[in-house]
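Single-letter residue listing:
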Number of protein chains: 2
Amino acid sequence: MTRTTHLQRASLTLLLTGLLCGPANAASTPLDAKASDPQVMGWMQGFPPAADKQITFSNYLRFPHTRWAFSHIRELLPTTTVGRAGTAVSVLPQAPREDIDALEFQLADGTKMTWAQSLNANYTDGILVLHRGKVVYERYFGALQADRPHMAFSVTKSFIGTLAAMLVAEGVLDAQASVAIYVPELADSGFGNASVRQVMDMTTGIRYSETYSDPSAEIWEYSRAGNLIPRPADYSGATSLYAFLQKVQAEGQHGDAFAYKTVNSDVLAWVVQRASGTSFADLLEQRIWGKLGAEQDAYIVVDQVGTQFAGGGMNASLRDMARFGEAMRNNGRFNGQQIVPEAVVADIRTGGDPAKFAGAGCATLPGWSYRNMWWVASEEQGMFAARGIHGQTIYVDPKAEMVIARFASNPVAANGANDPVSLPAYAALANYLNAR
Amino acid sequence: MTRTTHLQRASLTLLLTGLLCGPANAASTPLDAKASDPQVMGWMQGFPPAADKQITFSNYLRFPHTRWAFSHIRELLPTTTVGRAGTAVSVLPQAPREDIDALEFQLADGTKMTWAQSLNANYTDGILVLHRGKVVYERYFGALQADRPHMAFSVTKSFIGTLAAMLVAEGVLDAQASVAIYVPELADSGFGNASVRQVMDMTTGIRYSETYSDPSAEIWEYSRAGNLIPRPADYSGATSLYAFLQKVQAEGQHGDAFAYKTVNSDVLAWVVQRASGTSFADLLEQRIWGKLGAEQDAYIVVDQVGTQFAGGGMNASLRDMARFGEAMRNNGRFNGQQIVPEAVVADIRTGGDPAKFAGAGCATLPGWSYRNMWWVASEEQGMFAARGIHGQTIYVDPKAEMVIARFASNPVAANGANDPVSLPAYAALANYLNAR
């Protein structure tokens, strides 16, 4: 039995990226958050763990293995460091609010739920809420601890998007230039004549499916190319992320509509790295991570030839994610420094074209748009967010002076499974914090 | 072409561990240190690197690829963190001595050489000398930088040996008990009736060869078992380090003689983890790394089921290795704390039985012995050292009040290749620093 057969037989409900707008189609009812707690499951206990309690490269993406794996990615895959750069840790002032757990709110269908219940409903591994810059709430569940990086999945995209926007603001990167100017290897691909701006806003017209239930969907080969899942013994596909990108074909018209496709983020990273002469990880360390006063080094998953997976490979501690969110809430300023230029944050907050977003099927995000790889609510609402599959988020609500960082391991690989609970919970908390 | 064929065709002169006493048998003259500098070679430059400049899991252990790979192990293999535990970095006072480079010394054959020349002769990637606790010399070459962990290879063994000795001192671990008491799975192996002490001092009688030139040597299967080198498509051997250990057979009598065999270190780690209920990495973080005021997290290579490779998988920054050496020079005290008990350091410094060591073929180490996985010179000389293949070392010379930490990537997988230059260089430096 090859590793792949093994994989194919498994009820893989998820993968590393994407389907951020898709509906929640759980094939069967999975274990709930408490029953799937890695301690309860007994994953990876003892030396060595029992055979049926081992989490390996061959099974780590299967729920409930994911509840352990997402907090231990570096033990399963090769990774590269995003260093904290030896700086003093920036203080996050504490103002805990024990009353938050009991906060009651209502779902769209009228169901009532408390904040504490919502955390279980969404398989939360960790959540931290900053209000006016102070930590009002911080909890860890399952395998996650304060000092342990967790897989951020597509939250990664907002980092490469921010870095790209910073380079555009500096004139190092021309957003109107076509991708092929920076990456000639992509000239004959569907990306070749797309503009950098179209890639940044995911309005490229390309043939690429992230429908996990379809075994022929491109997301599968992309994941095998990136060495993120096992390859069959007779594998003859692409053996690196960038080799795959060169094979992506055009479909439709660039610029017409937003379509959430992870490959755009890696095309953007390729462009950014060529324009800056610096790797994504080094750029992130130099421009952002090394300035935040981060508590922990972050890290990024790499493929077989060292390509850093910008579509979803970043891992970081929850507190450090909250620090970045707080920087974004404060128009780029944090830890005594202007880390991200004000104009770049303003550009993100202005958002993309909601009309181009409306057709993408993001039923939980009415009136939102996508800009520089951030999800942006209407101007009236004002929120913006980094979002990763299985419930990862950095959620910034400037009007409520609130930032939420969350890691999770929801069994369903679509934020359609989290949003119906999470977004009302966040909105209720925003109201609650500001009413008191 | 499978990965293995690829590997077998290559002139693999090295592997991850061992042969610490063997002679230097370089098959041909390799590139010298300057010609093999990773920058000069152009390894892993650009996005992506050119095909012939890529370093991957399939080729990383080939010289000169090693000169890049040993400073980038986490990008090639799964690893686990040994955290610095958020402590303040301990200050290493500076007292640079620019005159050291010109220090001239003599090899056994009468050849004269300067200190600076000796660094190139041994393919030094980084070296730091502490004298009376101050940094008198610190240099980085090739791919290594101050903030970058480097593969420590068998220097790792001295960490598990020290931790084991600490647990023995606390009564948590009984050195006289047989291995099978702690690890019943090893009862039927060659290790089963060996005492923990015999494992700690590598005087077990087992059938295990680390002769790299012999394709049937056990070191090859051990490396495949640990997922440290590619496995052939039809591989049917052990798929974890501990699965392999259970297959090791007895040969000769336990306790008779020192014989350097890496498997002892992983048996010891297995015993230590069972006795303490804590993983090697966590124990190292709790007992040592988190107390040193380390600058960087360290990390340890893990196998397919998460087993931490105690025989040679630790990676750390040079300065942090020097901090640990300085703690050992000061009888376990550093950074305002007694990190390793005085009695444990004293036990290491007393050494093992030189008569049992004499027959092991360590021609460069006359009068030395092996204790708690440290190499120990005669009482008159007083030095003790952690030593890793390709020239890694933490070299402690208490009489000279000197500690040397060195990382290197010598193409020859035997310290017989380094010692004829390194040991006279270290001795000359000890004299020089104390004469002035």
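Residues numbered from 1 in each chain as written. Chains lettered and ligands numbered in written order. Predicted model: local features only at pLDDT ≥ 70, side-chain atom pairs only at ≥ 80, totals over all residues. Heavy atoms only, no water.

Draft legend 1. Fine view of helix α13 (residues 342-350) of chain A. Residues and elements named next belong to chain A. All of the buried residues in α13 are Val344, Val345 and Ile348. Taken around the axis of α13, the buried residues stretch over an arc of 100°, which confines them to a single face. Those residues of α13 that are exposed and angled more than 90 degrees off the buried face are Glu342, Ala343 and Thr350. Where α13 is buried, its residues meet α5 (155-170), α12 (318-329), β11 (369-371), β12 (374-376) and β13 (384-388). Phi turns positive, to about 80°, at Gly351, one or two residues after α13. (Buried < 20%, exposed > 50% of the residue type's maximum accessible area, 1.4 Å probe, protein only. Helix = DSSP H or I, 4+ residues; strand = E, 2+ residues; numbered from the N terminus. Arc of directions from axis to C-beta. Contact = heavy atoms within 4.5 Å.)

Draft legend 2. Fine view of the sheet that holds strand β1 (residues 79-82) of chain B. All names here are of chain B. Taken together, four strands build an open sheet; the order of strands is β1-β7-β8-β6 and the sheet is antiparallel. Each edge of the open sheet is held by one strand with a lone partner, namely β1 and β6 (150-153). Across this sheet, the average inter-strand angle for adjacent strands is 30°, counted without regard to direction. In the packing of helix α11 (residues 280-287) onto the sheet, the strands contacted are β1, β7 (298-301) and β8 (314-316), and the crossing angle to β1 comes to about 20°. (Pairing = 2+ DSSP bridges. Axes fitted to C-alpha atoms, helices over the stretch in contact; angles between N-to-C directions.)

Draft legend 3. Local environment of unusual backbone geometry. Residues and elements named next belong to chain A. Here the amide bond leading from Phe47 into Pro48 is cis, since omega sits at -10°, within 30 degrees of zero. At Phe153, a position not held by glycine, the phi torsion is positive, near 45°. Phi is positive for Met373, close to 65°, though the residue is something other than glycine. Inspection of the secondary structure puts Met373 in the loop between β11 and β12. You can call Met373 buried: its relative accessible area is 0%.

Draft legend 4. Just the interface of chain A and chain B, in detail. Facing the 31 residues of chain A at the interface are 31 residues of chain B. Summed over both sides, the interface of chain A with chain B buries roughly 2,400 Å², with 49% coming from carbon and sulfur. Taken together, the connections running from chain A to chain B amount to zero salt bridges. Where chain A packs against chain B, one counts 12 residue pairs in polar contact (both at pLDDT 80 or more). Secondary structure elements with two or more residues in the side of chain A that touches chain B: β1 (79-82) and α10 (263-276) of chain A. For the side of chain A that touches chain B, the per-class residue count stands at 13 nonpolar, 12 polar and six charged. (Buried area = accessible area lost by both parts, 1.4 Å probe. Salt bridge = Lys/Arg side-chain N within 4 Å of Asp/Glu carboxyl O. Polar contact = N/O pair within 3.5 Å; in protein donor to acceptor, adjacent residues only side chain to side chain. Nonpolar A, V, L, I, M, F, W, Y, C, P; charged D, E, K, R; others polar.)

Draft legend 5. Structural context of the sheet that holds strand β6 (residues 150-151) of chain A. Residues and elements named next belong to chain A. As summarised here, the arrangement of the four strands in space is β1-β7-β8-β6, forming an open sheet in which the pairing is antiparallel. The strands lining the two open edges of the sheet, one partner per strand, are β1 and β6. Taken together, the two bridges between β6 and strand β8 (residues 314-316) define a ladder with antiparallel strand orientation. Among the inter-strand pairings, Met151 is bridged to a residue of β8, identified as Asn315.

Draft legend 6. Geometry of the relation of the copies chain A and chain B. Of the two same-sequence chains, chain A is brought onto chain B (RMSD 0.0 Å, axial shift 0.0 Å) by a rotation of 180°. The operation mapping one copy onto its partner corresponds to a two-fold rotation axis. Among all residues of chain A, the one whose C-alpha sits closest to the rotation axis is Pro78 of chain A, at a distance of 2.5 Å. (Least-squares fit on C-alpha atoms with pLDDT ≥ 70 in both.)

Draft legend 7. The arrangement of the pattern of salt bridges in detail. Going through the model one piece at a time under the given rule, you end up with 40 salt bridges over all chains. Here Glu295 of chain A makes a salt bridge to Arg323 of chain A, at a shortest N to O gap of 3.2 Å. With a gap of 28 residues between them, Glu295 of chain A in the loop between α11 (280-287) and β7 (298-301) and Arg323 of chain A in helix α12 connect regions that are remote in the sequence. Of the charged contacts, one joins Glu401 of chain B and Arg132 of chain B as a salt bridge, the two residues approaching to 3.1 Å between their closest N and O atoms.

Draft legend 8. Local environment of the packing of α5 of chain A against α10 of chain A. Residue and element names in this part refer to chain A. Where α5 contacts α10, the axes come no closer than 10 Å and their chain directions differ by 40°. The two elements α5 and α10 cross, and the hand of that crossing is left-handed. Packed against α5, whose contacting residues are Lys157, Ile160, Gly161, Ala164 and Leu167, the element α10 presents Ser265, Leu268, Ala269, Val272 and Ser276 at the interface. Of the residues belonging to the contact of α5 with α10, the class tally is six nonpolar, three polar and one charged. (Left-handed = near helix turned anticlockwise from the far one by under 90°.)

Draft legend 9. Up close: the packing of aromatic side chains. Counted according to the given criterion, the structure contains 44 aromatic pairs over all chains. The interplanar angle of 85° and the centroid separation of 6.0 Å between the aromatic rings of Phe357 of chain B and Trp375 of chain B together place this pair among those described as edge-to-face. Here Trp375 of chain B lies in strand β12 (residues 374-376) and Phe357 of chain B lies in helix α14 (residues 354-358), a separation of 18 residues in the sequence. Like Trp375 of chain B, Phe357 of chain B is buried. Joined through ring pairs, the aromatic side chains of Phe159, Trp289, Phe324, Trp374 and Phe384 of chain A make up one cluster. Positioned above the aromatic ring of Tyr299 of chain B is the side chain of Arg74 of chain B, whose terminal nitrogen or guanidinium carbon lies 6.0 Å from the ring centre. Sitting over the face of the ring of Trp375 of chain B, Arg387 of chain B holds its NZ or CZ atom 5.2 Å from the ring centroid. (Phe/Tyr/Trp six-rings, centres within 6.5 Å; stacked < 30°, edge-to-face > 60°. Lys NZ or Arg CZ within 6 Å of the ring centre and 35° of its normal.)

Draft legend 10. Summary view of α12 of chain A. Residue and element names in this part refer to chain A. Taking 1.5 Å as the rise per residue, α12 with 12 residues should run 16 Å; its terminal C-alpha atoms sit 16 Å apart, in good agreement. Counting buried residues along α12, 11 of its 12 residues qualify, which places the element largely inside the surrounding structure. Listing the buried residues of α12 in full gives Leu318, Asp320, Met321, Ala322, Arg323, Phe324, Gly325, Glu326, Ala327, Met328 and Arg329. Just downstream of α12, Asn331 is the residue with a positive phi angle, here 50°. (Expected span 1.5 Å × (residues − 1).)

Draft legend 11. Summary view of the UniProt feature "domain: Beta-lactamase-related" (unreviewed entry) in chain A. UniProt's feature table lists "domain: Beta-lactamase-related" (unreviewed entry) at residues 127-410 of chain A, given in the numbering used throughout. The span residues 127-410 of chain A shows a helical share of 30% and a strand share of 17%, and its end C-alpha atoms are spaced 14 Å apart. (UniProt positions renumbered as here; feature names shortened; annotations may be inferred.)

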